[in-house]
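A closer look at the structure
Spelled out from the first residue to the last, the chains are:
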Amino acid sequence: MAINASYSHYFTTNDGAKLHYLDKGKGPSLLMLPTWNISCQVFKYQLEALSNQYRILALDMRGHGLSEKVNYGYKVHRFAKDLHELIKHLQLRELNLLGHNFGATVICSYLELFGSSLISKLIFIDRAAVPMINPLWSQTEIQHYGPTSDPKSLEKLCHQITTNQGDHFMNIFFNTMVNPLAKNEHKQLVLKSSDTLPKKSAAALLHDAFYQDWRSLFPKITLPTLVIGGRASLISASSQIWTSEQIPNAKLIIFEEHEGGKHFPFIENPKKFNQVINNFIQS
């Protein structure tokens, strides 16, 4: 996806990182955060289709995409601070805030640190409440919380990312997260948007993200919230159901496997996804 210079912009954080974001359209603001190691180009179909109704913003988080590859600040709380600074920089109010997987973790950290006074609605896509498994949990708790790794596996993974095995890991990531029957253009969009972080920074950020636990936050969220999951996602649909039940009055949408219900429903089924988002914001 070629970046149109007319809606490509930069701002500088208070610790000197130059971050890139997209800003297209007019109307109510929808700010989107991609997941770990993915650039904001991944929201191509939302920028194209929703910007005729909304002001669509998408952030290349620190080190991602066209943002500066600084060698510091790869912690969830710093990414939340970056988000806060972008919101202040653009003087956004009544903001609809969307986070895909790791992007949702950044939003949760933002809510804990800065509150929700500037936010209108939340959209969480395919994010486990607790990514790291606890061996003391029951099978029911595992189904609820949605963990996908254990400490030993995570340490091995972070080591692989920082060595010459990093490319091999990204291939595994791609094959796990994208439906093999997806259209080639959809696969290519994920591939072209992926693996944008320097390897050491990618490992540091992933390690920090996996030890985040948002179970106690969810009941405190008072904003209208939409939780989106995929029936065939590595992040279990049961965990998305549980998350939606913990957030007061949250709405839930599960994309079935034939509807693009793995990790990237906004790419594999943009027509339905965009309609779901539009319906939620307008409700």
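Residues numbered from 1 in each chain as written. Predicted model: local features only at pLDDT ≥ 70, side-chain atom pairs only at ≥ 80, totals over all residues. Heavy atoms only, no water.

Under the defined criterion, the tally for this structure stands at ten aromatic pairs. The interplanar angle of 40° and the centroid separation of 5.1 Å between the aromatic rings of Phe43 and Phe266 together place this pair among those described as tilted. One end of the pair, Phe43, is in the loop between strand S3 (29-33) and helix H1 (44-50); the other, Phe266, is in helix H10 (residues 265-268), and 223 residues separate them in sequence. Judged by relative accessible area, which is 0%, Phe266 ranks as buried. Taken together, Phe43, Phe255, Phe264, Phe266 and Phe273 form an aromatic cluster joined through their ring pairs. Taking the ring centre of Tyr145 as reference, the NZ or CZ of Arg215 above it sits at 4.7 Å. (Phe/Tyr/Trp six-rings, centres within 6.5 Å; stacked < 30°, edge-to-face > 60°. Helix = DSSP H or I, 4+ residues; strand = E, 2+ residues; numbered from the N terminus. Buried < 20%, exposed > 50% of the residue type's maximum accessible area, 1.4 Å probe, protein only. Lys NZ or Arg CZ within 6 Å of the ring centre and 35° of its normal.)

This part is about the pairing of strand S5 (residues 95-100). S5 sits mainly inside the fold: six of its six residues count as buried. By the alternation rule, side chains of S5 split into Leu95, Leu97 and Gly99 and Asn96, Leu98 and His100, which are all buried. As paired strands, S3 and S5 are joined by four bridges and run parallel to one another. The residue of S5 that forms the bridge with Leu30 is Asn96. In this structure, S5 lies alongside strand S6 (residues 119-125), joined through six bridges in parallel fashion. By the bridge assignment, Leu98 is partnered in S6 with Ile123. (Pairing = 2+ DSSP bridges.)

Its identity is not glycine, yet Asn37 carries a phi of approximately 65°, on the positive side. Tracing the backbone shows Asn37 in the loop between S3 and H1. Look at Asp126: it is not a glycine, yet its phi comes out positive at around 55°. Its location among the elements puts Asp126 in the loop between S6 and helix H4 (139-145). Residue Asp126 is classed as buried on the basis of its relative accessible area, which comes to 1%.

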